[in-house]
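What follows is the residue order along each chain.
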Amino acid sequence: IVAGGYNSNGELLNKVWSSSDGLYWVDFSSENTTFGQRTGVSLIHYEDKLLCFGGADQFGNQWPNMFLQSKDEGLSWKSADSLMWVREKLTDGTYRKYERRYNQNVIVDKDKYIYLIGGRDSANNYFKDVWRGRLNKSVFLIK
């Protein structure tokens, strides 16, 4: 899957491309434009769906729906905000929230932990944090 980004003219794309072999590519955006124009996203496969984290518009502003999911291998996308709470529970019972960002790295380990690493904010400042958690759990932990 290749999603978003810019074309050779510097225009932000609403494109999602998919390939099963890396040779033949299908442009899903000709059938469905639910991904939106964004760049700097990170994609992972998790529990039979694709998850998209972050993303920014052409001005570096983060998208309001920071998390997207696709249950049809990238053809269509919908907001996953109600399923994904990226936050850390503090000792006083309050939560530290994961700040909106783009260009972060996302990986999944063999135990199904999701790691969200770094990224940039709309002022182009870099994050150096690492968050670890699982989908549909109440908290992620900052590491």
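Keep in mind that this is a model prediction, so the values were computed, not measured.

The subject of this paragraph is the environment of Asp109. With respect to the helices and strands, the residue Asp109 is situated in the loop between strand S10 (105-108) and strand S11 (114-120). With relative accessibility at 24%, the residue Asp109 sits in the partly exposed group. Expressed as a C-alpha distance, the spacing of Asp109 and Tyr126, which sit 17 residues apart in the sequence, is 24 Å. At a separation of 3.5 Å, a polar atom in the side chain of Asp109 contacts the side chain of Tyr115.

Now for the side chain of Ser70. If you trace the backbone, Ser70 turns up in strand S6 (residues 67-70). Here Gly74 takes part through its backbone nitrogen, which lies 2.8 Å from a polar atom of the side chain of Ser70. Looking at Ser70, its side chain comes within polar contact range of the main-chain oxygen of Ser76, at 2.9 Å. Look past the residues within four positions of Ser70 in its chain and what remains in contact with it is Lys49, Leu50, Leu75, Ser76 and Trp77.

Turning next to the sheet that holds strand S4 (residues 42-46). Spatial ordering of the open sheet is given by S4-S5-S6-S7, a layout of 4 strands whose pairing is antiparallel. Two strands in the sheet have a free side with no partner beyond their single neighbour: S4 and strand S7 (78-79). Where S6 and S7 come together, 2 bridges link them in antiparallel fashion. Note on S7: the bridge partner recorded for Leu68 is Ser79.

Moving on, we get to the pattern of salt bridges. For side chains of opposite charge, pairing can occur when their charged atoms come near one another. One pass over the structure, following the stated rule, counts 4 salt bridges. A salt bridge links Asp129 to Arg101, with the shortest nitrogen-to-oxygen separation between them at 2.7 Å. With a gap of 28 residues between them, Asp129 in strand S12 (residues 126-133) and Arg101 in the loop between strand S9 (95-97) and S10 connect regions that are remote in the sequence. Neither residue differs from the other here; Asp129 and Arg101 are each classed as buried. Residue Asp111 pairs with Lys110 through a salt bridge whose shortest N-O separation is 3.5 Å. Residue class for Lys110 comes out exposed when judged on its relative accessible area of 76%.

The rules behind these values
- Residues numbered from 1 in each chain as written.
- Predicted model: local features only at pLDDT ≥ 70, side-chain atom pairs only at ≥ 80, totals over all residues.
- Heavy atoms only, no water.
- Helix = DSSP H or I, 4+ residues; strand = E, 2+ residues; numbered from the N terminus.
- Buried < 20%, exposed > 50% of the residue type's maximum accessible area, 1.4 Å probe, protein only.
- Polar contact = N/O pair within 3.5 Å; in protein donor to acceptor, adjacent residues only side chain to side chain.
- Contact = heavy atoms within 4.5 Å.
- Pairing = 2+ DSSP bridges.
- Salt bridge = Lys/Arg side-chain N within 4 Å of Asp/Glu carboxyl O.

So, to be careful, I would describe these as geometric facts and stop short of saying anything about function.
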